[in-house]
Amino acid sequence: MPHDIEIIGRRSSHYTRQLRLLAHELGIDYALRPIHDLLSDDPAAYAGNPALKLPALRCGEATVWGSMNACRWLARQTPDGEARVFWPEQASSALAMNAHELLAHAMAVQVEVVFHEIVSKRAPDAASRKRRASLGGSLRWIDAHWRGIRAELPIGRIAIFDVGLFCLLEHLPFRNPMDLSAMPHLRAFAREFGTRASAQATPYSFDAPPPETLRTT
Ligand SMILES: N[C@@H](CCC(=O)N[C@@H](CS)C(=O)NCC(=O)O)C(=O)O
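Only a predicted model underlies this, so the values are computations on that prediction, with no experimental measurement involved.

Side note on the overall build of the protein
In step 1: Along the protein, the regular secondary structure elements total ten helices and six strands.
In step 2: Radius of gyration (C-alpha) of the protein: 18 Å, near the 17 Å computed for a compact globule of 217 residues.
In step 3: Counting only C-alpha atoms, the protein reaches 55 × 50 × 30 Å along its principal axes.
In step 4: Out of the 217 residues belonging to the protein, those deemed buried represent 32%.
In step 5: For the protein, long-range pairs separated by at least 24 residues make up 69% of all intrachain contacts whose partners lie at least 6 apart in sequence.

Dropping the structure here:
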């Protein structure tokens, strides 16, 4: 590996897991540097990202913000890494493009649901109902079009779609339990993908606080 690689993120984050999981799939070593204070408004806490978002990837002199940029940069660290991955922009039919759009949206709306409802404990309102309807609707659409979507994902390559979908589906019971009983394809997919070594090496957990916050004096 040409550089030491550091992922700056959180073990409880589905976007961070996407990146970690891809690193495991590609056999790339990395160190995880946890971001402890999600409410910090100092970009330095997020590897310099002024959007105050995670994850980021540090690789030699380069720091890359955003999970998709980071996945691509990571894949470039091995000779055939980029070619082994099926990237969202390689989806060519309307069905496959729409599936990627809905997954990207569902991952983003999950952050908002967790932030507003679980972390901030805000009372439900019209906006929170719409967020939930949009998350559920996106997942139901993916489940309903499952066979068509699968038919367009190449066998033998690591589809970012699969990596992201798995990270989202496992994030639901971890942070935002939802009834998926009417989505049999998604449940079966999560079960099967969860047997992969990369999935088992990256379980969700909350990062321990930094040592100074453990001091009692
Ligand atoms: N487009 C970004 C979105 C990342 C994102 O929303 N990350 C969440 C954690 S899973 C985050 O930064 N949450 C903190 C916040 O929104 O304040 C990416 O793909 O990396």
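So, the sheet that holds strand β3 (residues 56-59)
In step 1: The four strands lie next to each other as β2-β1-β3-β4, forming an open sheet whose pairing is mixed. Both outer strands of the open sheet, β2 (31-34) and β4 (62-65), are each paired with one neighbouring strand and no more. When the angles between neighbouring strand axes are averaged without regard to direction, this sheet yields 20 degrees.
In step 2: Where strand β1 (residues 5-9) and β3 come together, four bridges link them in antiparallel fashion. Following the sheet pairing, Ile 8 is matched in β3 by Ala 56.
In step 3: The strands touched by helix α1 (residues 14-26) are β1, β2 and β3; relative to β1, the strand with the most contacts, the crossing angle is about 160 degrees.

Notes on helix α7 (residues 160-175)
Given 3.6 residues to a turn, an α-helix orients residues that are three or four positions apart in the same direction.
In step 1: Between its first and last C-alpha, α7 extends 22 Å over 16 residues, near the 22 Å set by a 1.5 Å rise per residue.
In step 2: Taken residue by residue, α7 has Ile 160, Phe 161, Asp 162, Val 163, Gly 164, Leu 165, Phe 166, Cys 167, Leu 168, Leu 169, His 171 and Leu 172 as its buried positions.

Focus on the pairing of β3
In step 1: The alternating pattern of β3 places Ala 56 and Arg 58 and Leu 57 and Cys 59 on opposite faces, both of which are buried.
In step 2: Strand direction decides the pairing type here: β3 and β4, joined by four bridges, are antiparallel. Residue pairing across strands places Cys 59 opposite Ala 62, the latter belonging to β4.
In step 3: What sits between β3 and β4 in their antiparallel hairpin is a turn of two residues, with Gly 60 showing a positive phi close to 60 degrees.

Re the nonpolar core
In step 1: If you look at the biggest cluster of nonpolar residues, it comprises 48 residues, and the most contacted ones within it are Leu 19, Leu 22, Ala 56, Leu 57, Ala 70, Leu 74 and Leu 103.
In step 2: Looking at which element gives the most residues to this core, the answer is α7, with nine residues.
In step 3: Two domains each donate at least three residues to this core, and these are domain 1 (5-82) and domain 2 (87-199).
In step 4: Residues in contact with Leu 19, not counting those within four places in the same chain, are Ile 7, Gly 9, Pro 55, Leu 57, Ser 67, Ala 70, Cys 71 and Leu 74.

A short note on unusual backbone geometry
In step 1: The residue after Leu 54, namely Pro 55, is reached through a cis peptide bond having omega 10 degrees.
In step 2: Counting through the fold element by element, Pro 55 comes out in the loop between β2 and β3.
In step 3: With a phi angle near 60 degrees, Leu 52 is a residue other than glycine that sits in the positive phi range.
In step 4: Given 14 C-beta atoms within a 10 Å radius, Leu 52 is considered partly exposed.

Side note on the site of the ligand
In step 1: Close contacts around the ligand come from Ser 13, His 14, Tyr 15, Leu 38, Leu 52, Lys 53, Leu 54, Pro 55, Gly 66, Ser 67, Met 68 and Val 111, and that covers them all.
In step 2: When its residues are assigned to classes, the shell around the ligand shows seven nonpolar, four polar and one charged.

Here we look at the domain arrangement of the protein
How big an interface is tends to be reported as the loss of accessible area on association of its parts.
In step 1: Domain boundaries in the protein define domain 1 (5-82) and domain 2 (87-199).
In step 2: Each of domain 1 and domain 2 has a C-alpha centre, and these two points are 20 Å apart.
In step 3: With eight residues, α1 is the largest single contributor of residues to the side of domain 1 that touches domain 2.
In step 4: Looking at side-chain class alone, the side of domain 1 that touches domain 2 contains four nonpolar, three polar and two charged residues.

Examining the environment of Glu 192
In step 1: With respect to the element layout, Glu 192 can be found in helix α8 (residues 184-193).
In step 2: Taking the C-beta count within 10 Å as the criterion, Glu 192 has 11 such neighbours and is therefore assigned exposed.
In step 3: Separated by 16 residues in the primary sequence, Glu 192 and Ala 208 have C-alpha atoms spaced 29 Å apart.

Overview of the packing of α1 against helix α2 (residues 67-75)
In step 1: Two elements in contact, α1 and α2, have axes separated by 9 Å at closest approach and are oriented at 15 degrees. Taken together, the axis directions place α1 and α2 in an arrangement best described as roughly parallel. In this structure, the crossing between α1 and α2 has a hand that is right-handed. Here Tyr 15, Gln 18, Leu 19, Leu 22, Ala 23 and Leu 26 of α1 come into contact with α2, specifically with Ser 67, Ala 70, Cys 71, Leu 74 and Ala 75.
In step 2: For the contact of α1 with α2, the residue count by class is nine nonpolar, two polar and no charged.

What counts as what
Every chain's residues receive numbers from 1 upward, in the order its sequence appears when written. Restriction of local features to residues with pLDDT of at least 70 applies here, the model being predicted, together with a cutoff of 80 or more for giving and counting side-chain atom pairs; totals for whole chains, interfaces and linings are based on all residues. Numbering of helices and strands runs from the N terminus; a helix is a DSSP stretch of H or I covering at least four residues, while a strand is a stretch of E covering at least two. When we talk radius of gyration, it's over C-alpha atoms, and the globule rule is simply 2.2 Å times the number of residues to the 0.38. Burial in this document is a count-based property: other C-beta atoms within 10 Å of a residue's C-beta are tallied, and the residue is buried at 20 or more, exposed at 12 or fewer, or partly exposed in between, with C-beta positions derived from the backbone. By the convention adopted here, residues are in contact when the distance between their C-beta atoms, placed from the backbone, does not exceed 7 Å. When DSSP locates at least two bridges between a pair of strands, those strands are taken to pair. Note on geometry: axes are C-alpha line fits, over the in-contact stretch for helices, and angles between N-to-C directions span 0 to 180 degrees. Residue count minus one, scaled by 1.5 Å, sets the expected span of a helix. The term nonpolar core refers to a group of buried residues, namely Ala, Val, Leu, Ile, Met, Phe, Trp, Tyr and Cys, whose C-beta atoms join them within 7 Å. An automatic or database domain assignment supplies the residue ranges for each domain. Only the C-beta atom, placed from the backbone, is used; a residue is near a molecule or strand if that atom lies within 6 Å of it. Residues are sorted three ways: Asp, Glu, Lys and Arg are charged, Ala, Val, Leu, Ile, Met, Phe, Trp, Tyr, Cys and Pro are nonpolar, and all the rest, Gly among them, are polar. Orientation is classified from the angle alone, with under 35 degrees giving roughly parallel, over 145 giving roughly antiparallel, 65 to 115 giving roughly perpendicular, and any other angle giving oblique. Working rule for handedness: look at the near helix, and if it is turned counterclockwise from the far one by less than a right angle, call the crossing left-handed; if clockwise, right-handed.

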